[in-house]
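# An overview of the molecular structure
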Amino acid sequence: MEMIHALCCLLLPVTLAFAQRPTVGGHALTGTWRVVEFADLDKDGKWQYRFGEHPRGYFVYDATGHVHIQIMKVPALAPFPEANIVGDRPPSAEHALAAYSAYVAYFGTYTVDAEKHVVTHHVEGSLAPEFTDTDQPRPFKLEGDRLEIGDGKTWRRVLERVR
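Presented here is an overview of the structure given in this document. Bear in mind that the values here come from a model prediction, so they are computed numbers and not experimental data. (Residues numbered from 1 in each chain as written. Predicted model: local features only at pLDDT ≥ 70, side-chain atom pairs only at ≥ 80, totals over all residues. Heavy atoms only, no water.)

## Thoughts on a nonpolar patch on the surface
Together, Leu-97, Tyr-100 and Leu-127 make up an exposed nonpolar region whose accessible area comes to about 280 Å². For Tyr-100, a relative accessible area of 36% puts it in the partly exposed group. (Patch = residues over 30% accessible without salt bridge, like charges linked within 9 Å, V, L, I, M, F, W, Y side chains within 5 Å. Areas by Shrake-Rupley, 256 points an atom, 1.4 Å probe, with all protein chains shown as cover. Salt bridge = Lys/Arg side-chain N within 4 Å of Asp/Glu carboxyl O. Buried < 20%, exposed > 50% of the residue type's maximum accessible area, 1.4 Å probe, protein only.)

And the structure:
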């Protein structure tokens, strides 16, 4: 009886670890990814860099199937002279809009369709309210420590694995 109890104690953590893993193929995306490029093609066929040519940010895909993404524009905005978060003084409407336009953040869970090369972000919360409670399928291409999300023709997010 003690042997069965010991065996159960050993197998339970292993079983839980496998139960919490993302879908098959998800392990290749698991980790922290630094944003290298965030580009969208405009109507004239020119790449636009909403967050600058060298944005700062991370995509994090964890082993429990959760994702969180934060990206900010570079160069960073200057501090707002009228605002003080600690003192509960909000920025002006103009400064708040500038901050909103210079940052993107959302979190949720993710699933991977390895055959179709699509990762779907199941957004639970977002700075942009229209993303909250939506599924965001993202085609991807993974080559070593480089991850490209997007169709590569009209939009692309280039990421490098953080080691």
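Still more to cover.
## Examining the packing of aromatic side chains
In total, this model carries 3 aromatic pairs according to the counting rule given. Taken together, a centroid distance of 4.8 Å and an interplanar angle of 70° make the contact between Tyr-61 and Tyr-110 edge-to-face. Of this pair, Tyr-61 sits in strand S3 (residues 56-61) while Tyr-110 sits in strand S5 (residues 103-113), placing them 49 residues apart in sequence. On the basis of relative accessible area, Tyr-61 is assigned to the buried category, the value being 1%. Aromatic side chains Tyr-106 and Phe-131 sit 5.6 Å apart centroid to centroid with 55° between the ring planes, which places their arrangement in the tilted category. Taken together, the residues span a long stretch of sequence, with Tyr-106 in strand S5 and Phe-131 in the loop between strand S6 (118-126) and strand S7 (134-143) at a distance of 25 residues. (Phe/Tyr/Trp six-rings, centres within 6.5 Å; stacked < 30°, edge-to-face > 60°. Helix = DSSP H or I, 4+ residues; strand = E, 2+ residues; numbered from the N terminus.)

## Here's the deal with the nonpolar core
For soluble globular proteins, the rule of thumb is that nonpolar side chains tend to be buried together. Counting 21 residues, the largest nonpolar core has Phe-59, Tyr-61, Ile-71, Leu-147 and Ile-149 as its most contacted members. For this core, the secondary structure elements donating two or more residues are strand S1 (31-41), S3, strand S4 (66-72), S5, S6, strand S8 (146-149) and strand S9 (155-161). Examining the composition of this core, we find that 4 residues originate from one element, S5, more than from any other. When sequence neighbours within four positions are dropped, the list of residues in contact with Leu-147 reads Leu-29, Trp-33, Tyr-61, Phe-140, Lys-141, Leu-142, Arg-157, Val-158 and Leu-159. (Core = buried A, V, L, I, M, F, W, Y, C linked by side-chain atoms within 4.5 Å. Contact = heavy atoms within 4.5 Å.)

## Some remarks on the pairing of S4
Burial of the side chains of S4 is restricted to one face: Val-67, Ile-69 and Ile-71 are buried, whereas none of His-66, His-68, Gln-70 and Met-72 on the reverse face is. Sheet analysis places S3 next to S4, joined by 6 bridges and oriented antiparallel. Bridge pairing links Phe-59 to Ile-69 in S4. Connecting S3 to the antiparallel partner S4 that follows it, the hairpin turn spans 4 residues, and Gly-65 within it adopts a positive phi of roughly 90°. As paired strands, S4 and S5 are joined by 7 bridges and run antiparallel to one another. Bridged to His-68 within S5 is Phe-107. (Pairing = 2+ DSSP bridges.)

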